[in-house]
Amino acid sequence: MQLESNIPSGPLEDKWEKHRFDMKLVNPANKRKYTVIVVGSGLAGASASASLGELGYDVRCFCFQDSPRRAHSIAAQGGINATKNYPNDGDSVFRLFYDTIKGGDFRSREANVYRLSQVSANIIDQCVAQGVPFAREYGGHLANRSFGGAQVSRTFYARGQTGQQLLLGAYGALSRQIHAGKVKMYTRTEMLDLVLVDGHARGIVVRDLVTGKISSHAADAVVLATGGYCNVFYLSTNAMGCNVSAAFRAYKRGAGFANPCYVQIHPTCIPVSGGYQSKLTLMSESLRNDGRVWVPLKKGDTRRPSEIPESERDYYLERRYPAFGNLVPRDVASRNAKYVCDEGRGVGHEVNGERRAVYLDFRDAINRVGEKAIRDRYGNLFHMYQKITGDNPYQVPMRIYPAPHYTMGGLWVDYNLMSNVPGLHVIGEANFSDHGANRLGASALMQGLADGYFVLPYTIGNYFATKHKGKVTTDHPAFKEVEESVNGKLKKLMDIGGDRTVDSFHRALGQIMLDKCGVSRTAEGLKTALEEVAALREEFWENLKLPGGLSGMNVSLEKAGRVADFLEHAELMCHDALDRSESCGCHFREESQTEEGEAKRDDENFSFVSTWEYQGAGEEPVLHKEPLEFENVKLTTRSYK
Amino acid sequence: MNLTLNVWRQKGPDDPGRMVTYSANNISPDMSFLEMLDVVNEQLEEKGEEPIAFDHDCREGICGMCSMMINGVPHGPDRGITTCQVHMRRFNDGDTLWIEPWRATAFPVIKDLVVQRGAFDRIIQAGGYISVKTGGAPDGNAIPITKTQADKSMDAAACIGCGACVAACPNASAMLFVAAKASQFAHLPQGQPERYRRAKRMVDQMDEEGFGNCTNHYECEAACPKEISVENITLLNRDYIRANLTGVE
Ligand SMILES: Cc1cc2nc3c(=O)[nH]c(=O)nc-3n(C[C@H](O)[C@H](O)[C@H](O)COP(=O)(O)OP(=O)(O)OC[C@H]3O[C@@H](n4cnc5c(N)ncnc54)[C@H](O)[C@@H]3O)c2cc1C
Ligand code: FES
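Residues numbered from 1 in each chain as written. Chains lettered and ligands numbered in written order. Predicted model: local features only at pLDDT ≥ 70, side-chain atom pairs only at ≥ 80, totals over all residues. Heavy atoms only, no water.

1. With respect to unusual backbone geometry
Residues and elements named next belong to chain A. Here is the rule: A run of H or I in DSSP counts as a helix once it spans at least four residues, and a run of E counts as a strand once it spans at least two, with each numbered from the N terminus. Remark: exposure states derive from per-residue accessible area (1.4 Å probe, protein chains only) relative to the maximum for the residue type, with buried under 20%, exposed over 50%, and partly exposed in between.
Residues other than glycine seldom take positive phi values, yet Asn-85 does so here, at roughly 50°. The topology assignment puts Asn-85 in the loop between β3 (80-81) and α4 (93-103). Note on Asn-85: relative accessible area 26%, which makes it partly exposed. Phi is positive for Asn-259, close to 45°, though the residue is something other than glycine. The class of Asn-259 is buried, set by a relative accessible area of 2%.

2. So, the packing of aromatic side chains
Residue and element names in this part refer to chain A. As a reminder of what qualifies: Here is the rule: rings of Phe, Tyr and Trp (six-membered ring for Trp) pair when centre to centre is within 6.5 Å. Planes less than 30 degrees apart are stacked, more than 60 are edge-to-face, and the remainder are tilted. Over a ring means this: the NZ of a Lys or the CZ of an Arg is within 6 Å of the ring centre and within 35 degrees of the ring normal.
Under the criterion given, the structure shown has 30 aromatic pairs over all chains. Summarising the aromatic geometry, the rings of Trp-16 and Tyr-458 are spaced 5.9 Å apart at their centres and angled 85° between planes, so their arrangement reads as edge-to-face. Taken as a pair, Trp-16 in helix α1 (residues 15-22) and Tyr-458 in helix α12 (residues 444-466) lie far apart in primary sequence, 442 residues in all. Overall, Tyr-458 belongs to the partly exposed group, its relative accessible area being 37%. Geometrically, the ring pair formed by Phe-606 and Phe-608 is tilted, given 5.7 Å between the ring centres and 35° between the ring planes. A cation over an aromatic ring shows up here: Arg-115 above the ring of Tyr-415, its NZ or CZ 4.1 Å from the ring centre.

3. Observations concerning the environment of Thr-35 of chain A
All names here are of chain A. Short version of the rule: Contacts are assigned to residue pairs with any non-hydrogen atoms lying within 4.5 Å of each other. Polar contact is defined as a pair of N or O atoms within 3.5 Å, subject to the rule that within protein one atom must be able to donate a hydrogen and the other to accept it, and that residues adjacent in sequence are counted only when both atoms are side-chain atoms.
Residue position: Thr-35 is located in strand β1 (residues 35-39). On a C-alpha basis, the gap between Thr-35 and Ala-219 in space is 4.9 Å, while along the polypeptide they are 184 residues apart. Residues in contact with Thr-35, not counting those within four places in the same chain, are Asp-58, Arg-60, Ala-218, Ala-219, Asp-220, Ala-221 and Lys-471. At 3.1 Å, the side chain of Thr-35 and the side chain of Asp-58 are in polar contact.

4. As for the environment of Gly-549 of chain A
Residue and element names in this part refer to chain A. Note on placement: Gly-549 falls in the loop between α15 (523-543) and α16 (555-579). With 55 residues separating them along the chain, Gly-549 and Met-494 place their C-alpha atoms 7.0 Å apart. Setting aside anything within four residues of it in sequence, one finds Gly-549 in contact with Met-494, Asn-554 and Leu-557.

5. With respect to the interface of chain A and chain B
Heads up, the condition is: Buried area: the sum, over both parts, of the accessible surface (1.4 Å probe) that disappears when the two are put together. Any Lys or Arg side-chain nitrogen found within 4 Å of a carboxyl oxygen on Asp or Glu counts as a salt bridge.
Each partner contributes to the interface: chain A provides 74 residues, whereas chain B provides 75 residues. For the pair chain A and chain B, the summed buried surface comes to about 6,100 Å²; carbon and sulfur atoms form 51% of the total. Counting the surface chain A buries against chain B, the share from its top three residues, Arg-70, Arg-136 and Tyr-276 of chain A, is 11%. Joining chain A to chain B, the criterion identifies eight salt bridges.

6. Describing the site of ligand 1
Residues and elements named next belong to chain A. The criterion, for reference: In these notes, residues near a molecule or strand are those with any non-hydrogen atom within 4 Å of it. Per-residue accessibility takes into account occlusion by the displayed protein chains alone, with areas from the Shrake-Rupley method and a 1.4 Å probe. Each residue is assigned to one of three groups, with Ala, Val, Leu, Ile, Met, Phe, Trp, Tyr, Cys and Pro labelled nonpolar, Asp, Glu, Lys and Arg labelled charged, and all others, Gly among them, labelled polar.
Inspection of the region around ligand 1 gives 38 residues, with Gln-65, Ser-73, Gly-78, Met-191 and Glu-429 positioned closest. Ala-44 places a main-chain nitrogen or oxygen 3.0 Å from an oxygen atom of ligand 1. Within the backbone of Ala-444, a nitrogen or oxygen atom sits 2.9 Å from an oxygen atom of ligand 1. When ligand 1 sits alone it has 1,000 Å² of accessible area, and the protein chains cover 98% of it. Among the secondary structure elements, those contributing two or more residues to the shell around ligand 1 are α3 (43-55), β6 (189-197), β17 (398-407) and α12. If you tally residues by element for the shell around ligand 1, the top one is β6, at three residues. Taken together, the residues that form the shell around ligand 1 break down as 17 nonpolar, 18 polar and three charged.

7. A few points about the domain arrangement of chain B
Residues and elements named next belong to chain B. Worth spelling out the cut-off: Each domain's extent was defined by an automatic or database domain assignment.
In terms of domain boundaries, chain B breaks down into domain 1 (3-110) and domain 2 (118-245). On a C-alpha basis, the centres of domain 1 and domain 2 stand 29 Å from each other. The partner domain 2 presents 21 residues to the 18 residues of domain 1 that form the contact. Each partner contributes to the roughly 1,300 Å² buried at the junction of domain 1 and domain 2, and carbon and sulfur atoms together form 63% of this total.

8. Section: the sheet that holds β6 of chain A
Residues and elements named next belong to chain A. The cut-off we apply is this: Strands are labelled as partners when DSSP assigns at least two bridges between them. Each axis is a line fitted through C-alpha atoms, taken for helices only over the stretch in contact, and angles between the N-to-C directions span 0 to 180 degrees.
Taking strand neighbours across the sheet as the criterion, the three strands line up as β6-β7-β8 in an open arrangement whose pairing is antiparallel. Each of the sheet's edge strands pairs with one partner strand only, and the pair in question is β6 and β8 (214-218). Going across the sheet, the axis of each strand differs from the next one's by a mean of 30°, ignoring polarity. With eight bridges joining them, β6 and strand β7 (residues 200-208) adopt antiparallel strand pairing. By the bridge assignment for β7, Val-195 is matched with Gly-203. Along the sheet, helix α13 (residues 477-495) contacts β6, β7 and β8; its crossing angle with β6, the most-contacted strand, is approximately 140°.

9. Thoughts on the packing of helix α6 (residues 195-208) of chain B against helix α8 (residues 231-246) of chain B
All names here are of chain B. The condition that has to hold: Orientation categories follow fixed angle ranges, with anything under 35 degrees roughly parallel, anything over 145 roughly antiparallel, 65 to 115 roughly perpendicular, and all other angles oblique.
Orientation of α6 relative to α8, taken along the N-to-C sense of each, is 100°, at an axis distance of 8 Å. For the element pair α6 / α8, the angle class is roughly perpendicular. Facing α6, whose interface residues are Arg-195, Tyr-196, Ala-199, Lys-200, Val-203 and Asp-204, α8 presents Leu-235, Leu-236, Asp-239, Tyr-240, Arg-242, Ala-243 and Asn-244. Taken together, the residues of the contact of α6 with α8 break down into seven nonpolar, one polar and five charged.

Structure, rendered in C-alpha cells:
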C-alpha cells in the first residue's frame, strides 16, 4: 500500500492557494462527461453533490433514508466554528488551526487542518446566502458563542438546531441540482460494495431497500460521505442507521483505514435506563457551565440525592482538577465518570447489576442565580431531560453518563481527500483527516461542509485531468463479479437459520467494545476483546436468525449486513488500540499515564497515522505508518490541573 | 405494564393490509414508544415472524423519519413531540393502542407503518430554496437581519418534514409543510428575489402530487411536532395570490 499524502510544498499559509493553481482543471464543456457517485447526503455528501452538480458534473447521490434531508447531520445541536473574528476577541486562521491541532493532541496533519481553518469563514457566508437562519444580535449581525472550552467565541448557531439548518441549506442546494437534472438522487438505497477496475474506483453495487433489488452503478469517481461508526458500540448518540459498512467494504477492497481506535466519548448523555435501551441522547455540554458533577463518597449508597449530606458527596472533578473543575475536556470528564462507577459509586437505575451514572447537580446554581436564570439558559434541555427520564432537574440532580459520540478515525485520504485507491474520495466524518485523536466541539459540521463545498469540488477535477483512465460501464465483468459476491453474502446471511436475533448480537458486541475498547483501554483488555469479538462473530455466522426474505423491504436483513461489518471492524479497532501503546486524545491506555493519572503521549514513537491494510478473511491486517511532521506548532502537553 | 396493540400490517404496496393484535407485556414506563415496539419486534423475530416495519433514525425528534398514528393522532397524544419522543409512562397498564401509518394518497404505504414521502422532496426540488451557487457569497454580515426577522424565519425553518400535518388534515393537504418552507425565506432579505416564484412553484407541485386543498381545519398545527404556526399558511396564500396576479413563471 502506497501512502502518499501529496501535501504541497511551501509555507503553510500558501499551500492551498498554490495547490489550487497547480491542479489541472477539467474543461467546462467536458465536465458533463464525468459521472461522480456520491454515497451519503449528510453535510458532506449533500454539499459535495450540489457543488459538483453546479460545476457541471453528472452526479448520482445515494442515501439509505427516505430523503436526503434525514442524514444523521440533522441531529447536531451546538454549532459550527469559523474564523470570522466578528467578536474581535483575537481569533484568526492560525488560532483555529492551532486549537484544532492541539485539541487533536498532535495526531493530525498540519496542512489539512490549516486549509480547513482557511475555508471556514466561506462556509458561513455560503450558508447565510442559502437562507440558513443563524442566530442574530439585535443589531442584525450574526451572533457567536464560545463552545467546548474554546477561549474565543467563534461558534455560529441556529438555536439548538444548527446541524438541521445547515443540512437543510445543503439539501436545498442539492434539490436545486436535482431539479436541474444535474444530480440524480437515489433514496432508500444502500451501497453494499465498491467496484474497482484496473485498481481504480469505478462504481458501486447497491440494494434497493424497498424492492430488495441488487444493481450496479458505474462512474468516473466514487465519493464516500457515509459518516461515522459509533454504532459499533450499539448504544451511542448517533442515529440508529449510522454504520461502517460502506467504508469497511472499501477497506476490504484495498482502501487504508486510518486510526480506527480514535473514538470520542461524550461525557454528558442521558444514562441507560434498562436493557431495552436503543440509543443515548446527548445533553449539551454547556450544562457543565453551571452543573456540579458528583457521586456519593460511599459505595452502593442508594439514598436519594437530597438525603446525602454535603460531607458525604464527592465532587470528584472539582477535587481532582481544581483549576478547571467541572469544565475539564470531554475525555477527562468521561474517564473520571467511568472510574467512579467502576468503584461502585455510580447512581441511578441498576442495569445488569451495575449503576452507571453520575449526578449533574444544579442546586447551587439555582440558589446562586435563581431558577429563572437557569430556566433561561437551559430551559429546553431541562424539558427534554424531564421528557425522557420523568425526573424534574430543577428539583433532583440530572443523571448523566458518557456515550460514544464521534469517530475521528476513518478511511485514509491524502491532501486531495482521495484514498489510496485512485478515484475513491472520502469526505466528512467518514475520513480521518482533520481531528487527530480528539475533535473539538463544533468542528465536525465545519469539516463536512469544508470538504463538500470548498475542497473536493476542486481536487476531484485534478484526478480526472491527471490520473483517470477511460470510460467503463456496468457491462464490465468486474461489476458482475461484485454483484455475485454481494448476492452470495446476503444469501448466506438469510440461510444461517439459527436462533439468535441480530439485535442481540449487536448488543453483545457493544458491551465488549464499551468495556474494553471504550473510554479506557489496556493491552490485556484489548487482547480479551479480540478473542471475544472473534467468538461472537463465529456464533453470528452460525446462529443468526433472520425472518423474511431477500426481496422486498427487510429491516432485519439490513441490520444484519451492518452488524456483520461491525463485527469485523470491531476487531480492527482493537488491533489499532492495542498497537498504539501510548495515550493520546481520546485514546487512553492505562499503561501510559502520568503519576497524576493523566494521559501520557509518546511523541518519539507514535507521531504517526496508523493506516491498516486488509489482508483477507481471518488474517491480521498490516499496519502502515504515515509520519506526522510538525513545522508550525510546538508539541505541548495538556494540563488541566 | 401490559398493553394490547392493534397494528397495521401490510406486506407490500399491493397488499390490502389489515390490523393485527399483539400483546406487549412487561413494558417499563421508562421505555420510549419505539423501544416498546423494538421489544415486541424482537419477540416476533424469535418466533420467526417478520417484525413490524417502521421508519425511524435519530430517535430524538429531529430527523423526521418516525411517522405513526397512535390512537388516531399523528405522533401520539402529546403536543409538540414526535413518535420517538413518546414515552410509555404516558400510557396506563392495560391500555389498548391503535398504531397505523400516515394515510394520504400522496404518501403510499411501502410496508406496515412505512410510507413513501418522496412527494415532499419533489415540492422542495420545484423551488423550495434560494438559488445560489457555491462560492462567491458576500460576507455573512453584509446584510443585517433584525433579530425578530431571523427568529421568525427560524420558527418556520424548524419543520422536520415528517408529514404529520398531512396525516392530520381531513383533506391530506400539505399546506403547512409548504408554508413553513416558503415563510422561512419570505422573512429573510436573501429570500426576496424568488419569493413569489417560489410560492407558486411549490404550491403547483403540491397540487400535482395529489395533496388536497387547505380548507382551514388547522388540524395540522395541532399535530405538528415542531408547533409550526398556521400563520405561515396565511402568508403563503398571500404570496401565491400575488404570484398569480403578477404572472411570475
Ligand atoms: C447528537 C449529536 C450532536 C452533534 N453536534 C455537533 C455540533 O454541535 N457541532 C459539530 O460540529 N458536530 C456535531 N456532531 C457531529 C456531526 O453531526 C457529524 O460528525 C456530522 O454531521 C457528520 O456528517 P457527514 O456528512 O460526514 O455524515 P452523516 O450526516 O452521518 O451522513 C451520512 C450519510 O451517508 C449515508 N450512508 C451511510 N452509509 C450508507 C450506505 N452504505 N449506503 C448509502 N448511503 C449511506 C446516510 O444515508 C447519510 O446520508 C454531533 C453529532 C451527534 C451525534
Ligand atoms: S426518529 Fe428522528 S424524529 Fe423520530
